[in-house]
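Understanding the architecture of this molecule
One letter stands for each residue in the lines below.
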Amino acid sequence: MMATYTWQVLALYMVLAANLSEQQALKQACPSCDASQLCNCSSMGLDFIPPGLTPKITLLNLAHNRIKRIQSQDLQQAVNLRALLLQSNQISSIDEDSFQSLAKLELLDMSNNSLAHLSPLWFRHLFSLQHLHLQGNSYRDLGQSSPFSSLGNLSSLHLGNPRFSVIRQGNFEGIELLHKLWIDGSNLSQYEQGSLKSIKAINHMIINIRSINIFSEIVKDCLHSVTWLEVRRIAFTITAEMQVLRVMSSSFAKKISFRQTLLTDATVPEIVSILEGMPKLVELELIDCRLLGTGQWKMQIQANQSQTLRVLTIKNLSIEEFYLFTDLTAVEDLLSLFTRVTVQNTKVFLVPCRISQNLLSLEYLDLSANLIGDQSLKHSACQGGWPSLQTLNLSQNSLSDLEITSKSLSHLRNLIVLDISQNNFGEIPDACTWPKHLKYLNLSSTQIPKVTKCIPLSLEVLDVSGNNLQEFGLQLSNLKELYLTRNQLKTLPGAAPIPNLVALSVRRNKLNSFSKEEFESFRRMELLDASDNHFICSCEFLSFIQHEARLAQVLVGWPDKYVCDSPLAVRGAQVGAVHLSLMECHRSLMVSLICVLMFLVILLLVAVGYKYHVVWYLRMTWAWLQAKRKPKRAPPKDVTYDAFVSYSENDSEWVENTMVRELEQACPPFRLCLHKRDFVPGKWIVDNIIDSIEKSRKTLFVLSEHFVQSEWCKYELDFSHFRLFDENNDAAILVLLEPIQSQAIPKRFCKLRKIMNTKTYLEWPAGEEQQQMFWFNIKIALRS
């Protein structure tokens, strides 16, 4: 039992290790597959389908690699795959059960590989497949039976290649309905009749074919199943070959398209005759075709059969000798029932008046990207021409005079939409004559520098984008939509002249702001596109846009495409994300507040300085610094006095009449320095104090209540204290003239308190006997 359990654990470990190694291999081969349902491994040089695919993957893109083979186990775990893209590899071999687990697959693209044959076994489990692309391989046929028999949900099928040459009966068995069938049969040489009959309905069939006979056989099988038939790369040049196409007259197709088709003057009448007979044909399309001829059609076309053809589209038709083209008299009678005609990029320089007059039912006419000029337009839009026309596109032509253009079209009473963009009008006149009911006018990219009253008042939509407009001030009371993209506008147009405006586009102009009043003036506005401008994010502008809830509903592209271009904000930052500070928004107010605050702070500092004698301390500090720069001890020859006497002016009577007499008349006499007598006149008093203390061996302080109230006494005490500590001597002698309470000594006399606590001082006695001892002690102190 123990051994069995060990083997089970070992097996489980090996399975987990294998899964982890496969997942690691997948991550290395295709990093985008990690933790993702969409796995894009295209153009990574892979030689094989990477291992480790998990059930969570729904799209696997392996296109443009070097994969040569699909093996059974490659896609086994990708059971939830919906799309598998394998195009542009080198796949030549597929195991029969490679797609067995892909029951949910809807799109399989194996185009442009090297498949030499198609096997029905590949597709037998693809019950959900809707789109299959097999073109661009190397198979010559589809096999003896249908490779698509199990694809009941197939919607679009693309097959064929330059080597594809045979279509057999039964090749399309199992397919009943197709939205699109694309057959690349440029070298198709054999088609078995009835091969496509099994498909009951094809909405859009595209066939690239050269052989008219094979094309005719295919058409026979699709007479009633194809709704839109598109033929590519076929050449209709031989009149005799056109007879085999008469079968097309019985086709129920509603639309016929010819792409990259070659036509001649001889075959055009035959083709038109065939198309006339198609009972349900509504639309004819010629794209990128080439016509060898000048319209000299030898056969008169009868137009009494086709009653259904309504739409004609011709794009990029190459007529080498277009300047010799005739007036198309032969086809005049065909045109009366056309409702939509498009002739783009075909070098049309004139529509003959008789042709225009025969287009009786025409409602839509697109002549864009041609060579029509002002004078040729007058002839093309002649009186009685295009009587029912509602939409006219003359963009990218050679029109240059808006007055002539408007007048040429003025008689079109049903014209509603006119596109004359990308012409070169330049300056436009102040007045023009337009069709009375014109509602849409496109004048974009026409080089007009300003708009004038030439613009019709009846308009509901006006597009003047891509010009050089710097303002828009027209009064258009009916206008609902205005497009001013890519101009030079700096402000929004006024709302009063266009009161019914619903949509306004001012993208890529020079707008730098718009106010709440401007925005509110467009009360009926539903869409405003002001993106891709560079807004100066002022405080007023930001305050408006950040608090206007309706902006998010009206502004197109808000807030991603609205950026700031202002020194107040990071350049390129989204307008909605910019938040300016109070300083930036209210600069004058903030400067005023700062000035007031600075004044209050200075006032407070003055008050504090006055209360705590800051000025006094500063002055004291400066004097001390000056004293510190001088030598610490004066030379002996400079010592002039025995003592400098520091006293209050209120104690001068005792000092001058008692102490001076006693000490200066002693034997030997003492030389005292008194400020009244010995200070140098005109010299700064602080310098006098410092010099006197330095020229005296001692400093004698006469302490009293008056002394501690004197600033100059404080200076003298401090300077003496500096000397006392700097020179480590007993230069200070304290004489207490009267008792002083400790609480009476101001806090700024902290040095006096310190000296009185550390040095012995002499008290002036009241009795004469004690006074003798007092003078004796002073003399001893002065001589020490």
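Heads up: these notes are all about the structure in this document.

Before going further, it helps to spend a moment on the overall build of the protein. Looking only at helices and strands, the protein features 19 helices and 35 strands. When burial is assessed residue by residue, the protein has 47% of its 784 residues classed as buried. Within the protein, counting contacts between residues at least 6 apart in sequence, those at least 24 apart form 61% of the total. When the accessible surface of the protein is split by element, carbon and sulfur atoms take 53% of a total near 39,200 Å².

What the rule picks out here adds up to three disulfides. Covalent S-S linkage joins Cys 432 and Cys 454, the inter-sulfur distance amounting to 1.9 Å. With the S-S dihedral at roughly -95°, the linkage between Cys 432 and Cys 454 falls on the left-handed side. With Cys 432 in the loop between strand E23 (417-419) and strand E24 (440-442) and Cys 454 in the loop between E24 and strand E25 (461-463), this pair connects stretches of sequence that are 22 residues apart. Each member of the pair, Cys 432 as well as Cys 454, carries the same accessibility label: buried.

What follows deals with the pattern of salt bridges. Summed over all chains, the structure comprises 19 salt bridges. The salt bridge involving Arg 66 is made with Asp 47; its shortest N-O contact spans 3.2 Å. Of this pair, Arg 66 sits in the loop between strand E2 (59-61) and strand E3 (69-70) while Asp 47 sits in the loop between strand E1 (38-40) and E2, placing them 19 residues apart in sequence. Across the pair Arg 69 and Asp 95 runs a salt bridge, and its minimum N-O distance is 3.2 Å. Of this pair, Arg 69 sits in strand E3 while Asp 95 is found in the loop between strand E5 (93-94) and strand E6 (107-109), placing the two residues 26 residues apart along the sequence. You can call Asp 95 buried: its relative accessible area is 18%.

Before going further, it helps to examine the sheet that holds strand E19 (residues 318-319). Read from one edge of the open sheet, three strands run E15-E17-E19, paired in parallel fashion. Edge positions in the open sheet fall to strand E15 (262-264) and E19, since each of these has one partner strand only. The pairing of strand E17 (residues 290-292) with E19 spans two bridges and is parallel. Within E19, the position partnered with Arg 290 by the bridge is Ser 318.

Attention now moves to helix H7 (residues 402-409). Taken together, the buried positions of H7 are Leu 402, Thr 405, Ser 406, Ser 408 and Leu 409. Buried residues along H7 cover an arc of 160° about the axis, so they all sit on one side. Of the surrounding elements, those touching the buried residues of H7 are helix H6 (374-380), strand E22 (391-393) and E23. Capping the start of H7, Asp 401 holds a side-chain oxygen 2.9 Å from the backbone nitrogen of Glu 403, two or three residues further along.

Moving on: helix H16 (residues 685-694). Within H16, seven of the ten residues are buried, which leaves the element mostly enclosed by the surrounding structure. Looking only at H16, the buried set comprises Val 686, Asn 688, Ile 689, Ile 690, Asp 691, Ser 692 and Ile 693.

A separate point is the packing of aromatic side chains. On inspection of all chains with the given rule, the structure shows eleven aromatic pairs. Seen in terms of ring centroids, Trp 654 and Trp 764 are 5.1 Å apart; in terms of plane orientation they differ by 75°. Their pairing is edge-to-face. Of this pair, Trp 654 sits in helix H14 (residues 652-664) while Trp 764 sits in the loop between strand E35 (762-763) and helix H19 (768-783), and the two are 110 residues apart along the sequence. Given the relative accessible area of 22%, Trp 764 is considered partly exposed. Note on Phe 774 and Trp 775: the rings are 5.1 Å apart at their centroids and 70° apart in plane angle, and the pair reads as edge-to-face. Through pairs of rings, three or more aromatic residues link up here, namely Trp 122, Phe 123, Phe 148 and Phe 172. A cation over a ring is seen here: Lys 255 above Trp 228, with NZ or CZ 3.8 Å from the ring centre. Here Arg 340 stacks its cationic end above the ring of Tyr 364, 3.9 Å away from the centre of that ring.

Moving on, we come to the nonpolar core. Counting residues in each nonpolar core, the largest one holds 153 residues, and the members touching the most others are Phe 99, Leu 108 and Phe 172. Those residues in contact with Phe 172 that lie beyond four places of it in its chain are Leu 142, Ser 146, Phe 148, Leu 157, Leu 159, Ile 167, Leu 181, Ser 195, Leu 196, Ser 198 and Ile 199. Counting 23 residues, the second-largest nonpolar core is a separate cluster that includes Val 645, Leu 672, Phe 774 and Trp 775.

On the surface, Tyr 323, Leu 324, Phe 349, Leu 350 and Leu 371 cluster together to form a nonpolar patch covering roughly 460 Å² of accessible area. Of note, Leu 350 is situated in the loop between strand E20 (340-344) and helix H5 (353-358).

The next thing to look at is empty space enclosed by the protein. Within this structure, the stated rule accounts for two cavities of 30 Å³ or more. Lining of the largest cavity is provided by Met 205, Ile 207, Phe 215, Ile 218, Val 219, Cys 222, Val 226, Leu 229, Met 248, Ser 251, Ile 256 and Met 278. Breaking the lining of the largest cavity down by element, the ones donating at least two residues are strand E12 (201-209), helix H3 (212-221) and strand E13 (226-232). Here the element with the most residues in the lining of the largest cavity is H3; it accounts for three residues. Considered as a void within the structure, the second largest cavity measures approximately 40 Å³ in volume. In terms of lining residues, the second largest cavity is bounded by Phe 236, Met 242, Leu 245, Met 248, Phe 258, Ile 271, Ile 274 and Leu 275.

On to the side chain of Ser 465, then. Note that Ser 465 resides in the loop between E25 and strand E26 (481-483). Owing to a relative accessible area of 5%, Ser 465 belongs among the buried residues under this scheme. In this structure Ser 465 touches Leu 443, Ser 444, Ser 445, Tyr 483, Leu 484, Thr 485, Arg 486 and Asn 487, once residues within four positions along its chain are discounted.

Take the packing of H14 against H19 next. Two numbers describe how H14 lies on H19: the axes approach to 11 Å, and their chain directions differ by 70°. Comparing the axis directions of H14 and H19 gives the class roughly perpendicular. For the pair H14 and H19, the crossing hand works out as right-handed. Of the residues in H19, those touching H14 at Trp 654, Thr 658, Met 659, Glu 662 and Leu 663 are Phe 774, Trp 775, Ile 778, Lys 779 and Leu 782. A class-by-class count of the residues in the contact of H14 with H19 yields seven nonpolar, one polar and two charged.

Our next topic: the sheet that holds strand E31 (residues 641-646). Here we have five strands laid out as an open sheet, ordered E32-E31-E33-E34-E35, and parallel in their pairing. Pairing within the sheet leaves two strands with one partner each, and these edge strands are strand E32 (672-673) and E35. Running over the sheet, H16 touches E31, E32 and strand E33 (696-703) and is turned about 120° from E33.

Further remarks concern unusual backbone geometry. Most peptide bonds take the trans form, and the phi angle of most residues other than glycine is negative. With an omega of -5°, the peptide bond between Cys 667 and Pro 668 qualifies as cis. Structurally, Pro 668 is set in the loop between H14 and E32. With phi around 60°, Ala 369 is a residue other than glycine that occupies positive phi space. Mapping Ala 369 onto the fold places it in the loop between strand E21 (364-366) and H6. You can call Ala 369 partly exposed: its relative accessible area is 22%. Positive phi, close to 60°, is recorded for Arg 486, a residue that is not glycine. For Arg 486, a relative accessible area of 34% gives the class partly exposed.

Thresholds applied
Residues numbered from 1 in each chain as written. Predicted model: local features only at pLDDT ≥ 70, side-chain atom pairs only at ≥ 80, totals over all residues. Heavy atoms only, no water. Helix = DSSP H or I, 4+ residues; strand = E, 2+ residues; numbered from the N terminus. Buried < 20%, exposed > 50% of the residue type's maximum accessible area, 1.4 Å probe, protein only. Contact = heavy atoms within 4.5 Å. Areas by Shrake-Rupley, 256 points an atom, 1.4 Å probe, with all protein chains shown as cover. Disulfide = S-S within 2.5 Å. Salt bridge = Lys/Arg side-chain N within 4 Å of Asp/Glu carboxyl O. Pairing = 2+ DSSP bridges. Arc of directions from axis to C-beta. Polar contact = N/O pair within 3.5 Å; in protein donor to acceptor, adjacent residues only side chain to side chain. Phe/Tyr/Trp six-rings, centres within 6.5 Å; stacked < 30°, edge-to-face > 60°. Lys NZ or Arg CZ within 6 Å of the ring centre and 35° of its normal. Core = buried A, V, L, I, M, F, W, Y, C linked by side-chain atoms within 4.5 Å. Patch = residues over 30% accessible without salt bridge, like charges linked within 9 Å, V, L, I, M, F, W, Y side chains within 5 Å. 1 Å grid on protein atoms, 1.4 Å probe; cavity = no way out; pocket = protein on both sides within 12 Å on 5 of 7 lines; lining within 4 Å. Points joined across faces, edges and corners; volume = space filled by probe spheres on them. Axes fitted to C-alpha atoms, helices over the stretch in contact; angles between N-to-C directions. Parallel < 35°, antiparallel > 145°, perpendicular 65-115°, else oblique. Left-handed = near helix turned anticlockwise from the far one by under 90°. Nonpolar A, V, L, I, M, F, W, Y, C, P; charged D, E, K, R; others polar.

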